[in-house]
Amino acid sequence: MTSIDVPRTAETAEAGRRETAQRLLDSSAMLSYDPATEVDWETPLDKDFHGASPEWSTLYGTSYWAEMSTEQQKELTRQEAASVASTGIWFEMILQQMVLRDFYAKDPTDPAFQWALTEIADECRHSIMFARGAAKLGAPPYRPRKLAVELGRVFKATATGEAAYAAILVAEEVLDVMQRDWMRDERVVPFVRTINNIHVVEESRHMKFAREETREQLEGAGPVRRRINALVIAIASYFIVSSMVNRDVYKNAGLDTTRALREAKANEHHKSMMRSSCAGLMEFLGSCGLLTRPALVFYKRANLI
């Protein structure tokens, strides 16, 4: 017998959405963490460790990195890890507001509604965990530049549908890949490895939901809407990724900021790390028709493709 594809109807799509949400709720009930008790907050920072895998440093592979002492290299990775955590907090606050807007006044008995609240609760815990982690790394509060903050303010208040969920996916997937490396790396300070492990486990569910919502929201989307939102997602991605490492990390690590910025900007090793980490993400966006020519300009500027 030859199999026959059953057309996807609104009813089957909604049933699939509910089923996915229920699986995520069940997974969350089985495997979630409380960072307040799981992370070792009491042991003083051991400066013999890195804050992140050195290969992920923006200066790794440059002549400046080769000239730095081992202590300077470790301090830089600690400052960079704290900056990435601070950027994560910034975007998690945007994410929470977008998800709340999406589910405002919807059916609370829907598993998708309950999963949305579960995800928001996860993100609240993650933001507190990142804040405490950055403080323990001995870093000051790192914030995105003013333009990114103001654009984020507009984005969180207006982004809907695939624009919101695909942007959420980009932020989560980029962070996920680097944190998978950090959590396995014995050169990284143990409490940061624990933080990364918690985030990776719980964000895997968030990414699953974001992918499903992106596909769902694009069903029936016309070419004009798809092109517009492809560009919106790419611009948001550019500002998220370019905000991850604050320029002040170099000064706070005792480096020459001007030279560090110049060498980081030209660092082909770091660009390659970013591109390889986003291969799966770019494949997904392409399958959704979201890698338009204008969008590619911003992904290339962010070294994501």
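Cut-offs used in this document
- Residues numbered from 1 in each chain as written.
- Predicted model: local features only at pLDDT ≥ 70, side-chain atom pairs only at ≥ 80, totals over all residues.
- Heavy atoms only, no water.
- Helix = DSSP H or I, 4+ residues; strand = E, 2+ residues; numbered from the N terminus.
- Expected span 1.5 Å × (residues − 1).
- Buried < 20%, exposed > 50% of the residue type's maximum accessible area, 1.4 Å probe, protein only.
- Arc of directions from axis to C-beta.
- Contact = heavy atoms within 4.5 Å.
- Salt bridge = Lys/Arg side-chain N within 4 Å of Asp/Glu carboxyl O.
- Axes fitted to C-alpha atoms, helices over the stretch in contact; angles between N-to-C directions.
- Parallel < 35°, antiparallel > 145°, perpendicular 65-115°, else oblique.
- Left-handed = near helix turned anticlockwise from the far one by under 90°.
- Nonpolar A, V, L, I, M, F, W, Y, C, P; charged D, E, K, R; others polar.
- Core = buried A, V, L, I, M, F, W, Y, C linked by side-chain atoms within 4.5 Å.

> Honestly, helix 1 (residues 10-30) in this entry has me stumped. Any pointers?
Count 3.6 residues to each turn of an α-helix, and residues three or four apart come out pointing the same way. Counted at 1.5 Å a residue, the expected span for helix 1 with its 21 residues is 30 Å, and the 30 Å between its end C-alpha atoms agrees. Buried residues of helix 1: Ala13, Arg17, Thr20, Ala21, Leu24, Leu25 and Ser28, and no others. Projected down its long axis, helix 1 carries its buried residues within an arc of 140 degrees, all on one side. Of the residues in helix 1, the exposed ones pointing more than 90 degrees away from the buried face are Glu11, Ala29 and Met30. Tucked inside the fold, the buried residues of helix 1 contact helix 4 (70-103), helix 5 (111-136) and helix 8 (190-218).

> Looking at this model, I keep getting lost on the pattern of salt bridges. Mind explaining?
When the charged atoms of two side chains lie near each other, side chains of opposite charge can form a pair. Tallying each qualifying case throughout the model produces 21 salt bridges. When the shortest N-O distance is used, the salt bridge between Glu173 and Arg211 registers 2.7 Å. Here Glu173 is found in helix 7 (residues 161-184), whereas its partner Arg211 is found in helix 8, with 38 residues between them in sequence. Residue classification places Arg211 among the partly exposed positions, given a relative accessible area of 22%. Among the ionic pairs, Glu212 bridges to Arg215, the shortest N-O distance being 3.5 Å. Taken together, the positions of Glu212 and Arg215, both in helix 8 and three residues apart, correspond to about one turn of that helix. Assessed through its relative accessible area of 40%, Arg215 is described here as partly exposed. Members of the salt-bridge network, linked through shared partners, are Glu14, Arg17, Arg18, Asp107, Asp110 and Glu213.

> What exactly am I supposed to notice about the packing of helix 7 against helix 8 here?
Packed helices, taken two at a time, are described by the angle between their axes plus the distance between the axes. Interaxial distance between helix 7 and helix 8 falls to 8 Å at its minimum, and their mutual angle equals 155 degrees. Taken as axis vectors, helix 7 and helix 8 run roughly antiparallel relative to one another. Viewed along their axes, helix 7 and helix 8 form a crossing whose handedness is left-handed. Of the residues belonging to the contact of helix 7 with helix 8, the class tally is 12 nonpolar, eight polar and 10 charged.

> For this particular structure, what's the right way to read the nonpolar core?
Side chains of nonpolar character tend, in soluble globular proteins, to be buried together. With 91 residues, the main nonpolar core has Leu59, Leu76, Phe91, Val174, Met178, Leu285 and Leu304 as its most contacted residues. Those residues in contact with Phe91 that lie beyond four places of it in its chain are Met98, Ala167, Ile168, Ala171 and Ile240.

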